[in-house]
Amino acid sequence: MKRRSLLFDIDIPTGVEVGVGRVLVAEPFLREEFFNHSVVLIVDYAPSESVMGVVLNNPSEHKLQDLLDGVTVDEPIPVYTGGPIGSDSLYFLHTLGDIIPDAREIAPGIWLGGNFEELFKVINEGYEIEGSVRFFLGYSGWSPGQLEEEIGRNVWAVAEAPQGGELLKGDGTALWHESVRRLGEKFRGWIYHPKNPQAN
C-alpha cells in the first residue's frame, strides 16, 4: 500500500516561481509527444504576451554537420528538438559566456545564443561540446496564462536551474530522472514511472 501511494500520490510543493532560467520538469503521466518525460528551460518569459522554452532532452535525428556548412570537426554534434514551433530555426545554449559575443545569460552559467561565427571557431577548434553547447531545432511556446494554468494543474514542477552546464549533459529519460532527483524527496515516486507504460 505504501508503494502504491508513493507511485500515484503526486504532491508538488510550491515556492519556485516560473520565469526566465527556470526549469520545467514534466509530471510522469504527461503523454504529449514533445513533452513526455521532458525537461524544459524557460528562455523568454513575458506572461502577458508569450512564454518560450526549449526541451533539453529530446535528441533529433539530425547532426549539426547535416544542417550547416563550415563545421569541420569529425565528431557528430547532436541537435535536439526544442519543441513543436519554428522547427526550421536553430537555437543554442552554452556555458561559454563572454567568449561568444552578444550571448544572453538566462540562468547561472547558462547563456542563450550569441555570435554564430565565434561559436563556429570554438567548435572547429575541438572544444568539448557535451556539457558546454547544445543545439535545438524549434522551441516550445505558451500563450498568456497557459503555462501558469498547466502548472496549477500539476503538469509541470518548477525548479531553479543547476549551476553551469549540468542541464547540457545527458539526454532522454536519463536527464529527466536526474532533474526529478534534484527536485527532492517529495518527487521520489516519479522516477518509478516508465516513459512508455505499455513497455512494462
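Residues numbered from 1 in each chain as written. Predicted model: local features only at pLDDT ≥ 70, side-chain atom pairs only at ≥ 80, totals over all residues. Heavy atoms only, no water.

### A look at the pairing of strand β3 (residues 50-55)
Alright, step 1. Across the 6 residues of β3, 5 count as buried, placing the element largely inside the fold.
Alright, step 2. The pairing of strand β2 (residues 39-46) with β3 spans 6 bridges and is classified as antiparallel. Looking at β3, one finds that Tyr45 is bridged to Val51.
Alright, step 3. The turn joining β2 and β3, which pair antiparallel and follow one another in sequence, is formed by 3 residues. (Buried < 20%, exposed > 50% of the residue type's maximum accessible area, 1.4 Å probe, protein only. Helix = DSSP H or I, 4+ residues; strand = E, 2+ residues; numbered from the N terminus. Pairing = 2+ DSSP bridges.)

### Some details on helix α3 (residues 116-124)
Alright, step 1. Turning to α3, its buried residues are Leu119, Phe120, Val122 and Ile123. In a view along the axis of α3, the buried residues occupy a sector of 160°, so they form one face of it.
Alright, step 2. Where the residues of α3 are buried, they touch α2 (64-67), β6 (85-94) and β9 (133-142).
Alright, step 3. A positive phi of about 90° marks Gly126, the residue just after α3. (Arc of directions from axis to C-beta. Contact = heavy atoms within 4.5 Å.)

### Some details on helix α5 (residues 172-183)
Alright, step 1. For α5, built from 12 residues, the straight-helix expectation of 16 Å at 1.5 Å per residue is met to within 8% by its first-to-last C-alpha distance of 17 Å.
Alright, step 2. Turning to α5, the residues buried within the fold contact β1 (22-26), β2, β4 (59-63), β9 and β10 (156-160).
Alright, step 3. Where α5 ends, the next residue or the one after it, Gly184, has phi of about 110°, a positive value. (Expected span 1.5 Å × (residues − 1).)

### Here's the deal with the confidence of the model for the protein chain
Alright, step 1. On average, residues of the protein chain carry a pLDDT of 88, and 88% of them reach 70 or more.
Alright, step 2. Scored below 50 in pLDDT, residues 1-8 shows 10 contacts in the model against residues more than four places distant or in partner chains. (pLDDT = per-residue confidence, 0-100.)

### Side note on the pattern of salt bridges
Here the idea is simple: oppositely charged side chains can pair when their charged atoms come close.
Alright, step 1. Scanning the model with the defined rule gives 7 salt bridges in all.
Alright, step 2. Here Arg22 makes a salt bridge to Glu160, at a shortest N to O gap of 3.8 Å. Here Arg22, found in strand β1, pairs with Glu160, found in strand β10; they are 138 residues apart in sequence, far enough to count as distant.
Alright, step 3. Residue class for Arg22 comes out partly exposed when judged on its relative accessible area of 25%.
Alright, step 4. On the basis of relative accessibility, which here comes to 53%, the residue Glu160 falls in the exposed class. (Salt bridge = Lys/Arg side-chain N within 4 Å of Asp/Glu carboxyl O.)

### What about the packing of aromatic side chains?
The description of an aromatic ring pair rests on the distance of the ring centres and on the angle between the ring planes.
Alright, step 1. The final tally for this structure, using the stated rule, is 11 aromatic pairs.
Alright, step 2. Seen in terms of ring centroids, Trp142 and Trp156 are 6.2 Å apart; in terms of plane orientation they differ by 80°. Their pairing is edge-to-face. Here Trp142 is found in strand β9, whereas its partner Trp156 is found in strand β10, with 14 residues between them in sequence.
Alright, step 3. Residue Trp142 is classed as buried on the basis of its relative accessible area, which comes to 5%.
Alright, step 4. Accessibility expressed as a relative area gives 2% for Trp156, which makes it buried. (Phe/Tyr/Trp six-rings, centres within 6.5 Å; stacked < 30°, edge-to-face > 60°.)

### Focus: the side chain of Asn36
Alright, step 1. Tracing the backbone through its elements, the reader meets Asn36 in the loop between β1 and β2.
Alright, step 2. Overall, the relative accessible area of 13% leaves Asn36 in the buried class.
Alright, step 3. Among the polar contacts listed, one links the side chain of Asn36 to the backbone oxygen of Leu30, at a separation of 2.8 Å. (Polar contact = N/O pair within 3.5 Å; in protein donor to acceptor, adjacent residues only side chain to side chain.)

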